[in-house]
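Fold and contact review
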Amino acid sequence: MMGKGELTRRRIVALAAPIFNQKGYAGTALSDLMRATGLEKGGIYRHFESKQELAEDAFDHAWKIAMDTRLEGTEEVANAVDRLKQFILNFRDRRAGLVPGGCPLLNTAIDSDDGNPRLRARARRALKVWLEHLESIAEEGRRKGDIRPDVDSAELAALIVSTLEGSLMVSRLQRSEEPLYLACRHLEDYLETKVLARRSKTAMNAS
């Protein structure tokens, strides 16, 4: 059973996450957090040593929601290339229900670039885990014969993440979905023509 203190801490994190994700660390005032949680300063800092600690937990919370959404349904897909395609489609289409403010990784990376090394370290760690997950899918695909043996799994993971996050930034700046959709179509075509093993293509055509 979770104690009352832990429940309150998690509630504060969940309510603070959209504020940090939208306003950034420096732009988030204590008054914003007090208004969102309905707690006074002492009530918040009874559960957190500092605003910094709360911001880090809020990022972890927002990022978990984002990644759980992006990975939804991927484990049920047998072919590794199709699994990567599903991840890309999830990134493009399943943004409803995420923490308001957009991608937590993109926001935190920009927000912490010059002024918050601890938050930047959290973002770097989240990126590392994301890359490693995609890389593991590609490595499994190589072992099973879904993915061509000459494909570098780490490079493929970096290409997918960089293309998705970069196109998301351009889409936000232009207030248009087209850059994101264009990037996803490019990645799908790349996976089909440069990554998918010939044996898997034959098997997929026969099915």
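Every chain begins its residue count from 1, and numbering advances along the sequence as written. Owing to the predicted nature of the model, reporting of local features is limited to residues with pLDDT of at least 70; listing and counting of side-chain atom pairs is limited to 80 or more, with chain, interface and lining totals taken over all residues. Think of the side-chain values as coming from all heavy atoms in the structure, minus any hydrogens and water.

1. Here we look at the confidence of the model for the chain
One number per residue, pLDDT, summarises how confident the predictor is, and it ranges from 0 to 100. A residue-level look at the chain finds 95% of positions with pLDDT of 70 or above and a mean pLDDT of 93. Put simply, helix 10 (residues 198–206) is where the chain has its lowest mean pLDDT, 57, and helix 9 (residues 178–195) is where it has its highest, 98. Numbering of helices and strands runs from the N terminus, with a helix taken as a DSSP run of H or I at least four residues long and a strand as a DSSP run of E at least two residues long.

2. Details of the nonpolar core
Residues belong to one nonpolar core when they are buried, are Ala, Val, Leu, Ile, Met, Phe, Trp, Tyr or Cys, and are joined through side-chain atoms within 4.5 Å. In this scheme, a residue with accessible area under 20% of its type's maximum is buried, one over 50% is exposed, and one in between is partly exposed, where area comes from a 1.4 Å probe on protein chains only. If you look at the biggest cluster of nonpolar residues, it comprises 48 residues, and the most contacted ones within it are Leu54, Trp63, Trp130 and Leu134. Listed by contribution, the elements that provide at least two residues to this core are helix 1 (4–27), helix 4 (51–70), helix 5 (80–93), helix 6 (104–111), helix 7 (117–144), helix 8 (153–174) and helix 9. For this core, the leading source of residues is helix 4, giving eight residues.

3. Focus on helix 2 (residues 30–37)
For helix 2, the complete set of buried residues consists of Asp32, Leu33 and Thr37. Looking straight down helix 2, one finds its buried side chains confined to an arc of 115°; they lie on one side. In what follows, a contact means two residues having at least one pair of non-hydrogen atoms within 4.5 Å. Of the surrounding elements, those touching the buried residues of helix 2 are helix 1, helix 3 (41–45) and helix 4. Remark: glycine 38 follows helix 2 within two positions and exhibits a positive phi of approximately 75°. This arc corresponds to the set of directions leading from the helix axis out to the C-beta atoms.

4. A look at the pattern of salt bridges
Just to be clear on terms, a salt bridge is a Lys or Arg side-chain nitrogen sitting within 4 Å of an Asp or Glu carboxyl oxygen. Enumeration over the complete set of coordinates arrives at 21 salt bridges. Between lysine 64 and aspartate 68 there is a salt bridge; the shortest N-O distance is 2.7 Å. Taken as a pair, lysine 64 and aspartate 68 lie in helix 4 at a separation of four residues, close to a single helical turn. Several salt bridges share partner residues, and in doing so they unite Glu56, Asp60, Arg118 and Arg122 into one network.

5. Observations regarding a nonpolar patch on the surface
Here a patch means residues that are over 30% exposed by relative accessible area and free of salt bridges, tied together within 9 Å if like-charged and within 5 Å if nonpolar (Val, Leu, Ile, Met, Phe, Trp, Tyr). What sets the accessible areas is the Shrake-Rupley method with a 1.4 Å probe; for residues, cover comes only from the shown protein chains. Side chains of Ile110, Met169, Val170 and Leu173 sit close together on the surface and give an oily, nonpolar patch of about 380 Å² of accessible area. With respect to the element layout, methionine 169 can be found in helix 8.

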